[in-house]
Amino acid sequence: MGGKRHDRGPYARSASAYWPGGQPSRSNGQRHPDAHRRAGHGAAGPAAARLPESWYSWRHQFQPLADAGFHVVAPDQRGYAGTDRPDSVGEYTLLHLVGDVIGLIHALGEREAVVIGHDWGAPVAWNTALLRPDIIRGVAGLSVPPTRRAPAKPLGLLEQRFGKGFYQIYFQEPGVADAELGADLKDTFRRFLVAASGDGAGAAPVVPDGAKGFLDTMPYPETLPSWLTEADIDAFAEQYRRNGFTGGLNWYRNIDRNWELTAAWADAQITPPAYYITGTRDIVRTFGAPGFIEKLPELVPNLRGVLDLDGCGHWTQQERPDEVNAALVEFLKGL
């Protein structure tokens, strides 16, 4: 995250200092372990990612963005991996999450920032740019595009379209998915990461009648794709041992509440310079309306570009890091 460089920030200790898992910072009352790499004149910061990810999802972005002269900060977001995990479901709304991002920017001693997010991190990034264009000098979203406010509560619309077994509906009952996903961490990450990738089946994740749970929709991969290693699986699993999955699942449990809270911004445009990255085999594309990419300028009038990666699945920056890094560096240098 960042903008102009301000060396009085709490992590401006070395031009090339790197803290994997990081020095914890506090924003909006929450503790956020961060991974940092600082070099050069500017700044950019992935806003982390979605269930079941963490700052580690951005491991391939730190060095290339730092080499290009940017201060990169990848926080574990509220409830994920090593962060604080509030008990109340109502403390995971988009307004809380945007507040966390703004608080982190200020905690780092910055006046402005570029914010980048993947999956759930993308709506956080898009909404941070929407609500605080005075601080966000640029925004990039991976996988999940900005969308218009739904005409009714989203969960009801999703159930009508995909049925009660749709994963976002399945995640609503406290304790159910939490226990399933947390029972065997390595198995969960192995199934989930491969199934939703460009190497997976690509079907919408719907828990069928009679299935034991969400993971039944994902076959166990005996071998891993080239972009994912056993060490990566181990790293993700270790990061989730502390807090499990409840914090991340609570984001899904606020989908309808977010719809209610953001009514005032219906049809509002995201005005900072923006960039969108997607993959042709990303499962998220099955949720949206046809032609959504062509319609993005209606919501994001300062859209600087779109990168559509042929054959790439959901884990954009992990599956295709070289192309993602090149696009992000070009976007950032143009701000």
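We now turn to the structure provided with this report. None of the values given here were measured: they were computed from a predicted structure.

**Regarding the side chain of Asp 76**
Structurally, Asp 76 is set in the loop between β4 (70–75) and α2 (94–107). Reaching out from Asp 76, the side chain makes a polar contact with the backbone nitrogen of Trp 55 at a distance of 2.8 Å.

**Some remarks on unusual backbone geometry**
Residues other than glycine seldom take positive phi values, yet Ser 143 does so here, at roughly 80 degrees. Secondary-structure assignment places Ser 143 in the loop between β6 (136–142) and α4 (154–162). Owing to a relative accessible area of 1%, Ser 143 belongs among the buried residues under this scheme.

**Describing a nonpolar patch on the surface**
On the surface, a cluster of nonpolar side chains totalling about 240 Å² of accessible area is made up of Leu 95, Leu 261 and Trp 265. Mapping Trp 265 onto the fold places it in the loop between α10 (255–261) and β7 (274–279). When its relative accessible area of 34% is taken as the criterion, Trp 265 is described as partly exposed.

**Some points on the environment of His 118**
Relative to the helices and strands, His 118 is located in strand β5 (residues 113–118). Accessibility expressed as a relative area gives 0% for His 118, which makes it buried. Taking the C-alpha atoms as reference, His 118 lies 7.0 Å from Val 144; in sequence the two are 26 residues apart.

**Some points on the packing of aromatic side chains**
In this structure the tally under the stated criterion is 25 aromatic pairs. Seen in terms of ring centroids, Tyr 167 and Phe 171 are 5.5 Å apart; in terms of plane orientation they differ by 85 degrees. Their pairing is edge-to-face. Of the two residues, Tyr 167 and Phe 171, neither departs from the other in class, the shared state being buried. Between Phe 189 and Phe 236 the ring centres are 5.5 Å apart and the planes differ by 15 degrees, which places this aromatic pair in the stacked class. Remark: Phe 236 occurs in helix α8 (residues 230–239) and Phe 189 occurs in helix α7 (residues 185–195); sequence separation between them is 47 residues. A relative accessible area of 0% means that Phe 189 is categorised as buried. Judged by its relative accessible area of 0%, Phe 236 falls in the buried class. Over the face of the ring belonging to Trp 259 we find Arg 149, whose NZ or CZ atom lies 4.0 Å from the ring centre.

What counts and what doesn't
Residues numbered from 1 in each chain as written. Predicted model: local features only at pLDDT ≥ 70, side-chain atom pairs only at ≥ 80, totals over all residues. Heavy atoms only, no water. Helix = DSSP H or I, 4+ residues; strand = E, 2+ residues; numbered from the N terminus. Polar contact = N/O pair within 3.5 Å; in protein donor to acceptor, adjacent residues only side chain to side chain. Buried < 20%, exposed > 50% of the residue type's maximum accessible area, 1.4 Å probe, protein only. Patch = residues over 30% accessible without salt bridge, like charges linked within 9 Å, V, L, I, M, F, W, Y side chains within 5 Å. Areas by Shrake-Rupley, 256 points an atom, 1.4 Å probe, with all protein chains shown as cover. Salt bridge = Lys/Arg side-chain N within 4 Å of Asp/Glu carboxyl O. Phe/Tyr/Trp six-rings, centres within 6.5 Å; stacked < 30°, edge-to-face > 60°. Lys NZ or Arg CZ within 6 Å of the ring centre and 35° of its normal.

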